[in-house]
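Given next are the chains, with one letter for each unit.
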Amino acid sequence: MSKTIYLDHAATTPLAPEVFEVMKPWMTQECWNPGGFYAGGFATKEALGRARETVAEILGCMPGEIIFTSGGSESDNLALRGVMNARPGEKHHMITSSIEHHAILHTAEDLARDGHEISILQVEKDGRVSLENLKKAIRENTKLVSIMMANNEIGTIQPIKEIAEFLQETGKKIFLHTDAVQGGVHLDCNVEKMGVDLLSLSGHKFYGPRGMGALFVKSGTPLRPQITGGGQEYNRRAGTENIAGIIGFAKALQLASEHRKSEAIRLSQLRDHAIERIQKEIKHVQLNGSHEHRLPNNINFSFWGVEGEGILLKLDERGICASTGSACTSADLDASHVILATGQGHGWAHGSIRFTLGKATTKELLDKAIDELKEIIAYLRSISPVPPNPPGSN
Ligand SMILES: *Cc1c(COP(=O)(O)O)cnc(C)c1O
């Protein structure tokens, strides 16, 4: 495994050793219930409070506006279901985009089954939501808009601040949620500057523990809990707190925010180098997503005439971990809903490969991966039944 080149950081990241260090005591000797009325309980409650303050400080909100959850999926579910179903029996309208994570899209579908109205915005070719389309989709009963901060497959960064400003101008109270699971690693997540009412984060996307997330909910936002029971998380998410997870989550977010600026510069240089090499050295390729509004660590290309799964298998044989479509769906052979939504035909969408860079990625490793990729594409094309040139090329 030591020779593995891991280029799938948008799927998950390894737990940082510094994070594991601060979690350890809370998994072993310090395992008290923060509700306990004894010294261990008080100390645990205090540590929980400190972790919440750390997260709140980074997001620029009040500690009471943070709900710890079991991950990005739960945060997204709580945001959508919590706001749309805040008052039993009421039906509302919600707007989201066609390139959201399935934690949003499938939840929106479920809300539609319950009688809510859902509008799904088509995106531009680069994956961006257009404000014009959003304006047209607003209805009298629109209650919630949920647009991701940055896309997990193609890395497109959405104009969240502009969307927030537009919603403000409507003069109606329309809540704005953003899935910042990918954005949170590389971009400034100040909720006030962005103007969002709800924001989802996931620990394992920034070298924190799996199964840990958070949802920012601006005070005054009506939210119906999805997990009821004890009064934990200000009565909005019941269950004995995962203290080690929460402490690890806060530490990982703190480290991510400390390194954010320098890593963004380093990774975007690597990204641009890789994009340039692939475009120069491999024929009939298409960069998926935006040049300008792109996460620093995302490279996503379609290769004409080859299947993404075939490329992945060959990369894996050579110790390179990459992805096609999104990790959650790579088991099924459907083309990526994100790449199809950007207007790519099936001939292109099936041959997409995503490299997502991270802490351990160096220029040397990335160059090695591209060298291997070149050979693999040439080989797969030599045995492919698909015509060697895409329509419209020569
Ligand atoms: C990974 C991811 C999720 C899901 O987060 P989990 O913590 O794995 O549940 C949600 N949204 C986006 C954009 C993601 O990349």
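See the structure shown above.
Small disclaimer: the values here were computed from a predicted structure and weren't measured. (Residues numbered from 1 in each chain as written. Predicted model: local features only at pLDDT ≥ 70, side-chain atom pairs only at ≥ 80, totals over all residues. Heavy atoms only, no water.)

As a structural note, the neighbourhood of the ligand is formed by 13 residues, with Ser73, Asp179, Gln182, Ser202 and Lys205 the closest of them. Within the side chain of Gln182, a nitrogen or oxygen atom sits 2.7 Å from an oxygen atom of the ligand. Interatomic distance of 2.6 Å between a side-chain N/O atom of Ser202 and an oxygen atom of the ligand. Contact with the protein chains covers 87% of the free accessible surface of the ligand, which is 380 Å². Sorting elements by how many residues they give to the shell around the ligand places helix H3 (residues 72-84) first, with three residues. In terms of residue class, the shell around the ligand is made up of two nonpolar, eight polar and three charged. (Near = heavy atom within 4 Å. Polar contact = N/O pair within 3.5 Å; in protein donor to acceptor, adjacent residues only side chain to side chain. Areas by Shrake-Rupley, 256 points an atom, 1.4 Å probe, with all protein chains shown as cover. Helix = DSSP H or I, 4+ residues; strand = E, 2+ residues; numbered from the N terminus. Nonpolar A, V, L, I, M, F, W, Y, C, P; charged D, E, K, R; others polar.)

Another point: the sheet that holds strand S5 (residues 142-146). With respect to topology, seven strands assemble into an open sheet ordered S2-S8-S7-S6-S5-S3-S4, the strand pairing being mixed. The outermost strands of the open sheet, each flanked by one partner alone, are strand S2 (66-69) and strand S4 (117-121). Averaged over all pairs of adjacent strands, the angle between strand axes in this sheet comes to 20°, irrespective of strand direction. Along the sheet, helix H2 (residues 39-59) makes contact with S2, strand S7 (198-202) and strand S8 (213-217), crossing S2 at roughly 115°. (Pairing = 2+ DSSP bridges. Axes fitted to C-alpha atoms, helices over the stretch in contact; angles between N-to-C directions. Contact = heavy atoms within 4.5 Å.)

Attention now moves to the nonpolar core. Core analysis: the biggest nonpolar cluster contains 65 residues, and Leu59, Ile66, Phe68, Val145, Leu199 and Phe249 have the highest contact counts within it. At 10 residues, helix H10 (residues 243-281) tops the list of elements feeding residues into this core. Counting contributing residues, this core receives three or more from each of domain 1 (5-11 + 260-382) and domain 2 (17-255). In this structure, Ile66 is in contact with Arg52, Val55, Ala56, Leu59, Cys61, Ala214, Leu215, Phe216, Glu233, Tyr234 and Arg236, ignoring residues within four places of it in sequence. (Core = buried A, V, L, I, M, F, W, Y, C linked by side-chain atoms within 4.5 Å. Buried < 20%, exposed > 50% of the residue type's maximum accessible area, 1.4 Å probe, protein only. Domains from an automatic or database assignment.)

A word on H3. Compared with the 18 Å implied by 1.5 Å per residue over 13 residues, the 18 Å span of H3 between its first and last C-alpha is a close match. When you tally the buried positions in H3, you get 11 out of 13 residues, the bulk of the element. Residues of H3 that are buried include every one of Gly72, Glu74, Ser75, Asp76, Leu78, Ala79, Leu80, Arg81, Gly82, Val83 and Met84, and no others. (Expected span 1.5 Å × (residues − 1).)

Glancing now at a nonpolar patch on the surface. A contiguous nonpolar patch, built from Trp32, Phe37, Tyr38 and Phe42 and spanning about 510 Å² of accessible area, is present on the exposed surface. In this fold, Phe42 is placed in helix H2. Its relative accessible area of 44% is what places Phe42 among the partly exposed residues. (Patch = residues over 30% accessible without salt bridge, like charges linked within 9 Å, V, L, I, M, F, W, Y side chains within 5 Å. Salt bridge = Lys/Arg side-chain N within 4 Å of Asp/Glu carboxyl O.)

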